[in-house]
Amino acid sequence: MLPLNILYQDEHLVAVHKPSGLLVHRSALARGETEFLLQRLRDQIGKRVYPVHRLDRPTSGVMVFGLSSEAAAVLSEGFSERQVEKRYLAVVRGKAPEQERLDYPLREEDGTRPKAEMPAMPAMTDIRRLDSVELPVQVDRYPVARYSLVEARPMTGRRHQIRRHLSRRGYPIIGDAKHGKSVHNRFFADQLNAPRLLLAATYLAFDHPLTDKRIQLSCALDATMRSLFEQFGWAGHLPLDSMRTPAISTPAALQR
C-alpha cells in the first residue's frame, strides 16, 4: 500500500490527499472495511489526528486534520461558519452551463430516518464549465456523447451537495452510482478506464487555527482522472500539489 501524499504539515495540522474509495473513519457505512484514512494517516505520521470535515468515500482530494483537539475545534468552526473556500473538479454528462449558481434546498441523507421526513436545508453551489468534449460514439440515445469539465464551489456543506445539485440540474457526475446514469458510468469504466466517481477536491483555503495566516492548498488529481484529462485534451486544467500562505489574511473577501 502506497504512503499517503502529505500536502502540508506543521505542529498544529496536517493536510493529505485522500484517495478515492477510502472511508475517512469508521462509521455505519464501514460494513467490514478495515482501512480508513484517519488510521492510515495516524500510523504514517506517528501522531493522533482529529477530523475537521468530510469527503464522500468515492471522492478524492485534499483533506485537513487537526493534530490536537483544540486545533481541530478552531478549524471545524471555520468550516461551519463558511470561512473556508473549497473547489472541486467534476466530469459530468452533457455540455454544462458556462457559469451558474445552483440554489436548490436539500434534505439530509444521514440514514437516521426517511429522507422525506428530513427538513429541506438551504444549499448553494457555484459551477463553471472549464472545458468540454464531444465523442463520436453512441453511449445513450444520441449518436455522439458530450461531457464537460466543471469547477464546483459549494457555498454550503450539505451531504452529497455537489453530486445532488449537478444531477438535479441535468448534468450528473460520471461514476455517481446513486445520482448519475449507469450507461455513462459503464462506458467510462469499460472504455476509458475510469471506474470511479469523477469528483475531486482540488483546492482548500482556510485560516490557520493558531497563526491566522491564510493557508491555500492545491491538490493534484490521481492517475485515473489525470489520464482521462489527457485523453480529452484537458491537460491544461490539471492542478498541481502546492501550498501558499499569502502575507495578508483575507477571509472576508473569500466569504460569499
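Starting from 1, residues in each chain are numbered consecutively following that chain's sequence as written. Where local features are concerned, this predicted model is filtered to residues with pLDDT of at least 70; where side-chain atom pairs are given and counted, the filter is 80 or more; whole-chain, interface and lining totals use all residues. Side-chain descriptors were evaluated using all non-hydrogen atoms of the structure, hydrogens and water having been removed beforehand.

A.B. asks: Residue-level account of the pattern of salt bridges, with values.
C.D. replies: Salt-bridge detection follows one rule: a side-chain nitrogen of Lys or Arg within 4 Å of a carboxyl oxygen of Asp or Glu. Applying the stated criterion across every chain, the model contains 13 salt bridges. The salt bridge involving Arg 163 is made with Asp 56; its shortest N-O contact spans 3.1 Å. Residue Arg 163 is found in helix 3 (residues 161-169), and its partner Asp 56 is found in the loop between strand 3 (50-51) and strand 4 (60-66); the two are separated by 107 residues along the sequence. Using a 1.4 Å probe on the protein chains alone, a residue whose accessible area is under 20% of its type maximum counts as buried, one over 50% counts as exposed, and one in between counts as partly exposed. Relative accessible area serves as the criterion here: at 15%, Asp 56 is assigned to the buried category. Each of Glu 85, Arg 87, Arg 128, Glu 151 and Arg 153 takes part in salt bridges that share partners, so that together they form one network. By definition, any uninterrupted DSSP run of H or I lasting at least four residues is a helix, any uninterrupted run of E lasting at least two residues is a strand, and each is numbered from the N terminus.

A.B. asks: Could you give an account of the side chain of Arg 163, naming the residues involved and the relevant values?
C.D. replies: The class for Arg 163 is buried, based on a relative accessible area of 8%. A polar contact is formed between the side chain of Arg 163 and the side chain of Asp 56, at a distance of 3.1 Å. Residue contacts follow a heavy-atom distance rule, with two residues in contact if any of their heavy atoms lie within 4.5 Å. Aside from chain neighbours lying at most four places away, what touches Arg 163 is Asp 56, Pro 58, Ile 173, Asp 176, Lys 178, His 179, Leu 197 and Leu 199. Side-chain atoms alone can form a polar contact between residues adjacent in sequence; in general such a contact is a pair of N or O atoms within 3.5 Å, and within protein one must be able to donate a hydrogen while the other accepts it.

A.B. asks: Explain the side chain of Arg 196 to me, using residue names and the numbers behind them.
C.D. replies: Considering the arrangement of structural elements, one finds Arg 196 in the loop between helix 4 (182-191) and strand 11 (199-207). Aside from chain neighbours lying at most four places away, what touches Arg 196 is Ser 20, Pro 58, Thr 59, Ser 60, Ile 174, Gly 175, Asp 222, Thr 224 and Met 225.

A.B. asks: How would you summarise the pairing of strand 9 (residues 124-135) if you had to cite specific residues and measurements?
C.D. replies: DSSP calls a pair of strands paired once it identifies at least 2 bridges connecting them. Here strand 6 (residues 99-103) pairs with strand 9 via 5 bridges, running antiparallel. Considered in strand 9, the bridge of Leu 102 is made with Thr 125. Across 10 bridges, the pairing between strand 9 and strand 10 (residues 145-154) is antiparallel. Bridging across to strand 10, Ile 127 finds its partner in Ala 152.

A.B. asks: Please set out the nonpolar core residue by residue, giving values where relevant.
C.D. replies: For soluble globular proteins, nonpolar side chains are generally found buried alongside one another. In this description, a nonpolar core means a group of buried Ala, Val, Leu, Ile, Met, Phe, Trp, Tyr and Cys residues linked to one another through side-chain atoms lying within 4.5 Å. In this structure, Phe 65, Leu 166 and Phe 206 are the most contacted members of the largest nonpolar core, which totals 46 residues. Every residue in contact with Phe 206, bar those within four places of it in the chain, is listed here: Leu 13, Val 64, Leu 75, Val 84, Lys 213, Arg 214, Ile 215 and Leu 217.

A.B. asks: So what about helix 4? Which residues, and what values?
C.D. replies: For helix 4, the full list of buried residues reads His 184, Asn 185, Phe 187 and Phe 188. One side of helix 4 carries all its buried residues, which in axial view fall inside an arc of 160°. At its buried positions, helix 4 is contacted by strand 5 (85-93), strand 9, strand 10 and helix 5 (223-232). Of the residues trailing helix 4, Asn 193 is marked for its positive phi of about 55°. The directions from the helix axis to the C-beta atoms are what the arc is built from.

A.B. asks: Account for helix 1 (residues 37-45), naming residues and giving values.
C.D. replies: What sets the pattern is the α-helix's 3.6 residues per turn: residues three or four places apart point alike. Among all positions of helix 1, only Leu 37, Leu 38, Gln 39, Arg 40, Leu 41 and Ile 45 are buried. Tucked inside the fold, the buried residues of helix 1 contact strand 1 (5-9), strand 2 (13-18), strand 3 and strand 4. Phi for Gly 46, located one or two positions after helix 1, is positive at around 70°.

A.B. asks: For the packing of aromatic side chains, give the residues involved together with the corresponding values.
C.D. replies: Within 6.5 Å between ring centres, the rings of Phe, Tyr and Trp (the latter by its six-membered ring) count as paired, and their orientation is classed by plane angle as stacked under 30 degrees, edge-to-face over 60, tilted in between. Within this structure, the stated rule accounts for 5 aromatic pairs. Centroid distance Tyr 147 to Phe 188: 4.8 Å. Interplanar angle 85°. Geometry classified as edge-to-face. Pair noted here: Tyr 147 is in strand 10 and Phe 188 is in helix 4, with a separation of 41 residues, a long-range link. Owing to a relative accessible area of 0%, Tyr 147 belongs among the buried residues under this scheme. Taking the centre distance of 5.6 Å and the plane angle of 85° together, the rings of Phe 229 and Trp 234 count as edge-to-face. Trp 234 shares its class with Phe 229; the two are buried. Among the aromatic side chains, those forming a connected cluster through ring pairs are Tyr 147, Phe 187, Phe 188, Phe 229, Phe 232 and Trp 234. Consider the ring centre and the ring normal. A charge sits over the ring if Lys NZ or Arg CZ is within 6 Å of that centre and within 35 degrees of that normal. Positioned over the ring face of Tyr 203 is Arg 87, at 4.0 Å from the centre of the ring.

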